[in-house]
Amino acid sequence: MEISFKKQIQQLKLGEGEVFHGEGILAITKALLQSGVSYIGGYQGAPVSHLLDVMVQARELVGELGVRVEACSNEASAAAMLGASIHYPVRGAVTWKSIVGTNVAADALANLSSPGVTGGVLMVIGEDYGEGASVVQERTHAYAMKSCMLLLDPRPELSVMVDMVEHAFAMSEASNMPAMMELRIRACHVRGSFVCKDNRTAAVSTKSLMSEPAPFNYSRLAHPPVTFGHEKRKIEHRLPAARQYILDHKLNELHAGEHDSVGIIVQGGLSNALLRSLQQFGLADAFGQTQVPLLVLNVTYPLVPDQIAHFVENKKAVLVLEEGAPEYIEQEIATLLNRRELPTRLHGKDMLPVAGELTPEVMMGGLQQFFAQHLPAIDTMQVKAALDATVARRNSMASKLDQTLPARPPGFCIGCPERPVFSALKLAQKDVGEVHIAADIGCHSFATFEPFSMGHSILGYGMSLASRAGVSPMMQRRVLSIMGDGGFWHNGLLTGVQSALFNGDDAVLLIFKNGYTSATGTQDIISTPTTQLKTQTHDKLASLTANNRTIEDTLAGIGVQWMRTVHSYRVATMRDVLKEALTTDFNGLKVIIAEGECQLERQRRIRPWLADLLSRGQRVMRVKYGIDDDVCNGDHACIRLSACPTLTLKDNPDPLKVDPVATVIDGCVGCGLCGENAHAATLCPSFYRAEVIQNPHWHEKLLSGVRQRMLRLLQPA
Amino acid sequence: MINSTSHAARPLSVLICALGGEGGGVLSDWLMDIARKAGYAALATSIPGVAQRTGATTYFFELYPVPIEQLAGRKPVFSLNPIPGALDVVIASELLEAARCASNGLPSSDRTVFITSTSRTLTTAERTIMGDGRLDTSALLALVQSVSRVHHAFDMQRVAADNATVVSAVMLGALAASGVLPFDRALCEEVIREGGRGAQASLHGFAAAWQMIAQKNQQAAQAQQLINLIGDTEKKLPELSGFPIEIMDMLSLGYDRVNDYQDKAYGQLYLSRVQSVLDAERRADTASQNGFQTTREMSRWLALWMSFDDIVRVADLKSRASRRERVRHEARVKPSDVLAVYEHFKPGIPEIAGLLPKPVADRLLAWDQQRLAEGKEAWSMPVKLASHTVLGTALLRLIAACKYIRRFGIRYAQEQTLIEEWLSAVIAGMAEDTQLGYELALCGRLMKGYGATNERSRDHVLHVMRHVATTEHTTPAVRADAIRRAREAALTDEAGTQLDRVLKELGAPARPIKAQPIRWMPRTKNTN
């Protein structure tokens, strides 16, 4: 795993009254233990990876509490795990990133929330939306509404987030509804502190097992005819129970304020941004003391009609601050006002942009309109001026620049084993022509950026092979599908491989076997090299993925007849195998496995090992690639073929030449791609490979000494 | 700014712009720990996403500048997002990211202390251009300065490297020294020390950065250095007497290059060619208002074209003592270490044939063409030559010695004819209009390298020279401009897409389509 959570794990042990300092998502993790969960599962993904990573690394500690931690194969299996709480009084929590994870989990969620739960169930949802998001822009809110699940959107204040976790479990039990807690990216990574409680051991746990299964009870199945009854219970029992809990425990915060002719209803997760915006109008102080009445919804589904009605009555107008589209909350409130014939004027997306994040800047724009219309007494000119100034500043910046600044998207790491494969693919297409490339989710999707710009579609995690089923039959040339081992196990094996084989499709699948789900933080999967292997292997420099053949064996077992495994750094070989796969007479599924361990993990393994060897004065060889300035032709073809961060430009030392030359800067891990490309693509002959032997053997020293002397005779200055 | 009594005090907002993997997370932790020890309420957050994979990212930190014990139990509410125009400090570990932040309108000249590194980590877009796609550093610095109340600039990456630490420690030093946050130095250093592994290096980086900010005037000087451009050095040689002083630096460099490449005689040929351009320019620009700009550029590009790259040249350059030293330096080889160097060569038939006289060369090339016709790969010999061995270097020197037979090879002949064609085009252009001659001279820049690259660039030059320069019914000025646009377009992309677009606009004929063997893939009928 990319990050070690040793320190954080210590914090999970904190007891009553001690203060936790750290990241939001880790506070949530601690809160789960304080709430007495029996099992935890999930699938990694920003921004909630840390929750699962910590739990996996803390298996020992949570084991003592009798908590079962499962690193699930995908979100569907995580959601299905929650089924334990249908019959049994056990609390369970799972986590994943949304919207994508919730999509994958949807089937299980529908079948979970129909019979409802006995033990409290909480899904910690990373709402990956807006700046820094890496997935599609949809709202988890829709799932809460359609499956009748609780949705919490707590104020991004650690103590509040932690309380809400404990309430979520209790509320889930009180209403039999599964609960979701959505945390925005900045909330997951917010650093703060809260006062801890002791961790709670559950009544039922891996330490104290249940002796008997629950008696058979058809009404606990999501199966007609009882599903019709479930539907009634959702409306007549569960929602009211949840609403009652929200009122009884004051989960939503009501803040009074002297300007009570108006009011603002805001999602809890946005309340800090709102308060900071109000400060700009002089309507709130630094401590959140507001002059405008607020209703802060720490629970955004279900809403409590009476609470809202009570908040809006006798108000001229209310503004709803709701992020994302469609504006479900605003619509529900509109219906409510209408049904109860309340005259209050409702504002929201009419004053705020329908799409995009509600940052303080955006909010200030909406508030300015709202106040100008309904609180004329307030001076909003100052804020308006500030907003205009910002726009002016942006324009002047733009006018100062003669071009738009180049973007800096994420890219392949230094020495990433996936980069060479795309170099090879670029070369292969020069010979066999351009092919349609069905791309996928994972580090390899960075190939959609320059200089590769490859990939026609991304249909979801592990979907690449399936997504070409309609394309390849219509295409003269073969179609290439790209998948990582993460995607392969997440569902690519079933949705893609099985389907292609069953239909006898003429398809080409390229699997990146780097041994981890790297993009989410290099979590282990079933095809990860074992820890035992990592510690025992003699040549720690070598890629270890070859030693785990689960993918190859699985493919062979399911009936793949054409399979080639190529080391990903062998660019020329990879190019030829790609050409073969795209041109061979074999009409079935052709699978190419690009073998090469994730460089992040490889470095994590070998750095300390090399450091240790050096400290003990042992022989270590370090490889660095370099470029001869005077040979480099300043054409940068090498960079267009690789774009390794350490292969960059510097001023041309030759005063006659004007174009910058390519150079390899420190940080090069000597992966060998430069040399491979130089050969495979017949680049200019400026690349050299330098092997530096530290603590050399005596005979190496001797030989080198002799050589040096003789070379001096041969070489001119 | 920090008024501990005022309850109207506002939180201090700090935005950190960095690249993934630069330890911004560590920096956030440090800031939070320091704030806690100093007794202030604070918040930090970030949006890492997948930016850990070398992408751009930001970290946000807020601190309420009144000690907690004076707050009577009240908790400040912090924002998780920066508010444009309401930032007290912006600190960036890379200059483009600083400029990006500026262009988003976040910092403002009435409030923001803007601390930026002058170092650049080039984006892919900048690196993949065939010419020079790098952004103008001075422009970026100016942009940043224009939205700063106070502006500090220094090379954070260098400071980090010099102290064998990560840039996050350097950023903390700069941030603390800026004096905006109520952090005293001892406390910062205490928190770093608690970091354990690498703490000592971090402390050095921290101290160095603190120094940098402490002495303002130094940064000013450094920023200036970057804004200035490096001047060329001047050298004198007897053979060069009679040439105007304005071109002397280029000319002497060029003359040396050509001599070194072949021999004195070749050097003389170079001088006579430059002379012919000089005469043309003297005729066209009698008052020499342009300071012989065309002759100057010509002496640059002519020297480079005349010393065209071939395996002989490469072997020569790679087997010099000076080069061995350069490699030792670049690879950071210590005296106690042993160094092995492998050269990546892949000569093909054209490179070898280039050195041979026509009859032999033609036969070789024909054989290679035959292979291609049969759908085979063009013949080439990938070698990893061990130049640290005696045999390897001896081999390189042997090839380098072929410099004397180069004159009899076909490549030499071809290049000379092309050079002459270009030369006369420039002179002819000069006669029509000085600017036209100048633009044609600059086309020498398109001539690059070796193998396929060289072929491509040659085609571009010839096409511009033969078609754009001679389009009829247009004034020379128009054609001069056309040539400039075509030349610049030719430098932007490999496929020549931009060039083709410009050619189309100019009404010049498109480049002839190159024959390229594509393997045909007949899809045999699907079995089901």
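Residues numbered from 1 in each chain as written. Chains lettered and ligands numbered in written order. Predicted model: local features only at pLDDT ≥ 70, side-chain atom pairs only at ≥ 80, totals over all residues. Heavy atoms only, no water.

*Asks:* Which parts of the structure should I look at to understand the overall build of chain A?
*Replies:* Per the secondary structure count, chain A includes 26 helices and 26 strands. Taken over the C-alpha trace, chain A has a radius of gyration of 30 Å; the compact-globule value for 717 residues is 27 Å, and the two agree within 12%. Projected onto the principal axes, the alpha-carbon positions of chain A cover approximately 95 × 70 × 60 Å. When the 717 residues of chain A are sorted by exposure, 60% land in the buried category. Once local pairs closer than 6 in sequence are excluded, the contacts in chain A between residues at least 24 apart make up 78%. Positive and negative side-chain charges of chain A, numbering 67 and 73 respectively, have mean locations separated by a distance of 5 Å. (Helix = DSSP H or I, 4+ residues; strand = E, 2+ residues; numbered from the N terminus. Rg over C-alpha atoms; globule rule 2.2 N^0.38 Å. Buried < 20%, exposed > 50% of the residue type's maximum accessible area, 1.4 Å probe, protein only. Contact = heavy atoms within 4.5 Å. Lys, Arg positive; Asp, Glu negative; His and termini not counted. Charge placed at Lys NZ, Arg CZ, Asp CG, Glu CD.)

*Asks:* I'm lost on the pattern of salt bridges in this one. Help?
*Replies:* Side chains carrying opposite charge are able to pair once their charged atoms draw close together. The tally for this structure, following the rule as stated, stands at 75 salt bridges over all chains. Residue A:Asp628 pairs with B:Arg323 through a salt bridge whose shortest N-O separation is 2.8 Å. With A:Asp628 in the loop between strand S23 (620-627) and helix H24 (637-640) and B:Arg323 in helix H14 (residues 321-330), this pair bridges two chains. With respect to class, A:Asp628 is no different from B:Arg323; both count as buried. In this structure, the salt-bridge partner of B:Glu94 is B:Arg120, at a minimum N-O distance of 2.7 Å. One end of the pair, B:Glu94, is in the loop between strand S4 (89-92) and helix H2 (95-103); the other, B:Arg120, is in the loop between strand S5 (113-117) and helix H3 (124-127), and 26 residues separate them in sequence. What makes B:Glu94 buried here is its relative accessible area of 0%. Connected through salt bridges with shared partners, the residues A:Arg408, B:Glu94, B:Glu97, B:Arg100, B:Arg120 and B:Glu126 form a single ionic network. (Salt bridge = Lys/Arg side-chain N within 4 Å of Asp/Glu carboxyl O.)

*Asks:* It is not clear to me how the sheet that holds strand S15 (residues 437-439) of chain A should be interpreted in this structure. Could you clarify?
*Replies:* Strand pairing within a sheet occurs via backbone hydrogen bonds; the two strands may be parallel or antiparallel. All names here are of chain A. Pairing is parallel in the open sheet, where six strands are placed in the order S16-S15-S17-S18-S22-S21. Two strands lie at the open edges of the sheet, namely strand S16 (457-458) and strand S21 (562-567), each paired on one side alone. As paired elements, S15 and S16 share two bridges and run parallel to each other. For Ala439, the partnering residue across the bridge sits in S16 and is Ile458. Sheet strands touched by helix H21 (residues 550-558): strand S18 (507-513), S21 and strand S22 (589-595). Its angle to S22, the strand with the most contacts, is close to 170°. (Pairing = 2+ DSSP bridges. Axes fitted to C-alpha atoms, helices over the stretch in contact; angles between N-to-C directions.)

*Asks:* What is the right way to look at the packing of aromatic side chains in this model?
*Replies:* For any pair of aromatic rings, geometry is given as the distance between the ring centres together with the angle between the planes. Counting across every chain of the model gives 16 aromatic pairs over all chains. With centroids separated by 5.2 Å and ring planes inclined at 80°, the aromatic side chains of A:Phe281 and A:Phe371 adopt a geometry described as edge-to-face. Here the residue A:Phe281 occupies a position in the loop between helix H12 (271-280) and strand S11 (294-297), and A:Phe371 occupies one in helix H15 (residues 360-374), the gap between them amounting to 90 residues. Since its relative accessible area comes to 0%, A:Phe371 is described here as buried. Put simply, the rings of A:Phe412, A:Phe422, A:Phe446, A:Phe452 and A:Phe512 touch in pairs and so form one group of aromatic residues. The aromatic ring of A:Phe287 is capped on one face by B:Arg74, whose charged end is 4.0 Å from the ring centroid. B:Lys384 extends its terminal NZ or CZ atom over the ring of B:Tyr342, reaching a point 5.4 Å from the ring centre. (Phe/Tyr/Trp six-rings, centres within 6.5 Å; stacked < 30°, edge-to-face > 60°. Lys NZ or Arg CZ within 6 Å of the ring centre and 35° of its normal.)

*Asks:* It is not clear to me how the packing of helix H19 (residues 410-432) of chain B against helix H20 (residues 434-442) of chain B should be interpreted in this structure. Could you clarify?
*Replies:* Residue and element names in this part refer to chain B. Interaxial distance between H19 and H20 falls to 5 Å at its minimum, and their mutual angle equals 160°. One way to sum up the angle between H19 and H20 is to call them roughly antiparallel. When H19 is examined against H20, the residues Trp422, Ala425, Val426, Gly429, Met430 and Glu432 are found in contact with a partner set consisting of Thr434, Leu436, Gly437, Leu440 and Ala441. Its residues placed into classes, the contact of H19 with H20 shows seven nonpolar, three polar and one charged. (Parallel < 35°, antiparallel > 145°, perpendicular 65-115°, else oblique. Nonpolar A, V, L, I, M, F, W, Y, C, P; charged D, E, K, R; others polar.)

*Asks:* What am I meant to see in unusual backbone geometry here?
*Replies:* As a rule of thumb, non-glycine residues mostly have phi less than zero, and peptide bonds are mostly trans rather than cis. Following A:Ala46, the chain continues into A:Pro47 via a peptide bond in cis, with omega recorded as 0°. In the segment running from A:Ser98 into A:Ile99, the intervening peptide bond is cis, with an omega of 20°. Mapped onto the fold, A:Ile99 is located in the loop between strand S4 (92-98) and helix H7 (100-113). The phi dihedral of A:Glu341 falls on the positive side, at around 50°, and the residue is not glycine. Looking at where A:Glu341 falls in the secondary structure, it is placed in the loop between helix H14 (328-339) and strand S14 (345-347). For A:Glu341, a relative accessible area of 71% translates into the label exposed. Backbone geometry places B:Arg332, a non-glycine residue, at a positive phi of 50°. By the secondary structure assignment, B:Arg332 is in the loop between H14 and strand S7 (338-345).

*Asks:* Looking at this model, I keep getting lost on the packing of helix H9 (residues 158-175) of chain A against helix H11 (residues 226-248) of chain A. Mind explaining?
*Replies:* Helix-helix packing is described using two parameters, namely the angle between the two axes and the distance between the axes. Residues and elements named next belong to chain A. The N-to-C vectors of H9 and H11 enclose an angle of 145°; their axes lie 8 Å apart at closest approach. In this structure, H9 meets H11 at a crossing whose hand is right-handed. When H9 is examined against H11, the residues His167, Ala170, Met171, Ala174 and Ser175 are found in contact with a partner set consisting of His237, Arg238, Ala241, Ala242, Tyr245 and Ile246. In terms of residue class, the contact of H9 with H11 is made up of seven nonpolar, three polar and one charged. (Left-handed = near helix turned anticlockwise from the far one by under 90°.)

*Asks:* Sorry, what's going on with the nonpolar core here?
*Replies:* For soluble globular proteins, nonpolar side chains are generally found buried alongside one another. Counting residues in hydrophobic clusters, the biggest one holds 90 residues, and the most contacted among them are A:Leu32, A:Trp96, A:Leu122, A:Met123 and A:Leu152. Take this core: its biggest share by element is nine residues, from H9(A). Discounting chain neighbours no more than four positions away, the residues touching A:Leu122 are A:Leu32, A:Gly92, A:Ala93, A:Val94, A:Val165, A:Ala168, A:Phe169, A:Ala179, A:Met180 and A:Met181. Counting residues in hydrophobic clusters, the runner-up holds 57 residues, among them B:Ile247, B:Met250, B:Tyr255 and B:Trp422. (Core = buried A, V, L, I, M, F, W, Y, C linked by side-chain atoms within 4.5 Å.)

*Asks:* Explanation requested: the interface of chain B and chain A in the structure shown.
*Replies:* Frequently, the measure chosen for interface size is the accessible area removed from exposure when the parts meet. Residue-level contacts link 139 residues of chain B with 132 residues of chain A. The tally of links between chain B and chain A comes to 14 salt bridges. For the interface between chain B and chain A, the tally reads 46 residue pairs in polar contact (both at pLDDT 80 or more). Among the residues making up the side of chain B that touches chain A, the classes are represented as 61 nonpolar, 38 polar and 40 charged. Across six bridges, the pairing between strand S26 (residues 687-694) of chain A and S7(B) is antiparallel. Bridged to A:Ile693 within S7(B) is B:Val338. (Polar contact = N/O pair within 3.5 Å; in protein donor to acceptor, adjacent residues only side chain to side chain.)

*Asks:* Teacher, can you tell me more about H12(A) here?
*Replies:* Each full turn of the α-helix corresponds to 3.6 residues, which orients residues three or four apart in the same direction. Of all the 10 residues making up H12(A), nine are buried; the element is thus mostly covered by neighbouring parts of the structure. Listed as buried for H12(A) are A:Ser271, A:Asn272, A:Ala273, A:Leu274, A:Leu275, A:Arg276, A:Ser277, A:Leu278 and A:Gln279. Those residues of H12(A) that are buried lie in contact with strand S10 (262-267), S11, strand S13 (317-321) and H15 of chain A together with strand S1 (12-19) and strand S3 (56-63) of chain B. Directly beyond the C-terminal end of H12(A), a positive phi value near 70° is found at A:Gly282.

*Asks:* Got a minute to help me understand the pairing of S26(A) in this structure?
*Replies:* For a regular strand, side-chain orientation follows a simple rule: the groups alternate between the two sheet faces. Within S26(A), eight of the eight residues are buried, which leaves it mostly tucked inside the rest of the structure. On S26(A), burial covers both faces: A:Phe687, A:Arg689, A:Glu691 and A:Ile693 on one face and A:Tyr688, A:Ala690, A:Val692 and A:Gln694 on the other are all buried.

*Asks:* Can you help me understand the domain arrangement of chain B in this one?
*Replies:* Residues and elements named next belong to chain B. Assigned domains of chain B: these are domain 1 (12-225) and domain 2 (410-512). The C-alpha centroid of domain 2 is placed 47 Å from the C-alpha centroid of domain 1. On the domain 2 side, the residues contacting the four residues of domain 1 number eight residues. For the domain 1 face of the interface with domain 2, the top three residues by lost area are Ile129, Met130 and Gly131, together amounting to 92%. In this assembly, domain 1 and domain 2 are joined by zero salt bridges. At the surface where domain 1 touches domain 2, the tally comes to two residue pairs in polar contact (both at pLDDT 80 or more). (Domains from an automatic or database assignment. Buried area = accessible area lost by both parts, 1.4 Å probe.)

*Asks:* It is not clear to me how the sheet that holds strand S9 (residues 253-255) of chain A should be interpreted in this structure. Could you clarify?
*Replies:* Residues and elements named next belong to chain A. Spatially, five strands are ordered S9-S11-S10-S13-S14 in an open sheet, and the strand pairing comes out mixed. Where the open sheet ends on each side, the last strands, each with one partner, are S9 and S14. Here the strands of the sheet are splayed against their neighbours by 15° on average, with no regard to which way each runs. Pairing between S9 and S11: three bridges, direction antiparallel.

*Asks:* In this structure, what is going on with the pairing of S1(B)? I would like to understand it.
*Replies:* All names here are of chain B. Within S1, eight of the eight residues are buried, which leaves it mostly tucked inside the rest of the structure. Taking every second residue as pointing to the same face, both faces of S1 are buried, with Leu12, Val14, Ile16 and Ala18 on one and Ser13, Leu15, Cys17 and Leu19 on the other. Looking at chain direction, S1 and S3 are connected through eight bridges and run antiparallel. Counted as the bridge partner of Ala18 is Thr57 from S3. As paired strands, S1 and S4 are joined by four bridges and run parallel to one another. What sits directly across from Ile16, in S4, is Ile91.

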